[in-house]
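Fold and geometry: a report
The residues making up each chain are set out below.
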Amino acid sequence: MSWASSWHAAKRDLYGMNRRNVALIYPHNQRRHYPIADDKLLAKQWLERAGVPTVETLATCAGLFQVPETVTRLFLSEDFVVKPAQGAGGDGILVVSERIAPGRWRTAGGELLTADALRRHLAHIVFGAFCKKGDDRAFIERRVTPPAFFAELSPGGLADLRIITLFARPIVAMLRIPTSLSGGRANLSQGGLGVAINLSSGRITRAVLSGASVTEHPDTGVALIGRVVPGWPALLDLARRAARAVPLEYLGVDLVVDETFGPRVLEINARPGIEIQNVHGVGIGKFLAEAGW
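Description of the structure in this document. (Residues numbered from 1 in each chain as written. Predicted model: local features only at pLDDT ≥ 70, side-chain atom pairs only at ≥ 80, totals over all residues. Heavy atoms only, no water.)

A look at the overall build of the chain
Per the secondary structure count, the chain includes 10 helices and 13 strands. Its C-alpha atoms give the chain a radius of gyration of 19 Å, within 12% of the compact-globule value 19 Å for 293 residues. Projected onto its principal axes, the C-alpha positions of the chain cover 65 × 45 × 30 Å. Buried positions account for 48% of the 293 residues belonging to the chain. Considering only intrachain contacts with a sequence separation of at least 6, the fraction spanning at least 24 residues in the chain is 59%. Carbon and sulfur atoms make up 53% of the accessible area of the chain, which totals about 13500 Å². Side-chain charges of the chain comprise 34 positive and 27 negative groups, with the mean position of each set lying 6 Å from the other. (Helix = DSSP H or I, 4+ residues; strand = E, 2+ residues; numbered from the N terminus. Rg over C-alpha atoms; globule rule 2.2 N^0.38 Å. Buried < 20%, exposed > 50% of the residue type's maximum accessible area, 1.4 Å probe, protein only. Contact = heavy atoms within 4.5 Å. Areas by Shrake-Rupley, 256 points an atom, 1.4 Å probe, with all protein chains shown as cover. Lys, Arg positive; Asp, Glu negative; His and termini not counted. Charge placed at Lys NZ, Arg CZ, Asp CG, Glu CD.)

Structural data, given as structure tokens:
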């Protein structure tokens, strides 16, 4: 194939936001089903009814009146994660890594968190500070402890796995790994590391940080390329099960692995972003074609 032919093929496979919407989201995801994915607590209900394992919810806070009770329930908790039900892009997520004393903790970033500060954060969530649809709910999850493979890749935070599915069939996958630049979050838009995963083998083939190709974790120097994600077939199967549990045909399924409890669904996304193309260095069209679509 000539250089020009290769360039045209690569361009043909690329999906911009409009093409993704018209070709993948609108035909396959009915708008009335968006809330199932947009509300993390509602998504958990759908998944758990289908027997799909999720990260354990320790408490929920549905309004300002429940904030004091929620904080009291957490007074003796060692570690946990606070999330807005309708948040996006990692906004509003608070990771608590250790308890210093009753009602006093340290965050994953090393900052002191008091009970008063936790009350304020919960209040901000329920007032809708981290969502675009008005008032929200807060919920608290058990903090995931990653096994050795994932802990080595992301010592400063929790790595997650994004698998895009169509008709409950995995199409393309990547790992999202926190860095110091991302403040311990896995979100690529905030400086997380995007890692391309070969769908059939689970092998890491490429890594990208802020648009530039890298071979090591920028903070630790840990080599990335060539590693194989342990238990890869089980992770693919969990993504399939999650996709079958909801009435959304084109889906981003986010997974984590816990040292004790194994793979868990973290959340689902009815409008998965197209940055996965930059991570792999090829367009979504190539993966769709390989899957027979």
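Topic: the sheet that holds strand 9 (residues 193–197)
Read across the open sheet, the 7 strands follow the order 11-10-9-8-7-12-13; overall the sheet is antiparallel. Only two strands of the sheet have a single partner each, and these edge strands are strand 11 (212–214) and strand 13 (262–269). Ignoring strand direction, the axes of neighbouring strands in this sheet form an average angle of 30°. Taken together, the 5 bridges between strand 9 and strand 10 (residues 204–209) define a ladder with antiparallel strand orientation. In the strand pairing of strand 10, I197 is matched with I204. (Pairing = 2+ DSSP bridges. Axes fitted to C-alpha atoms, helices over the stretch in contact; angles between N-to-C directions.)

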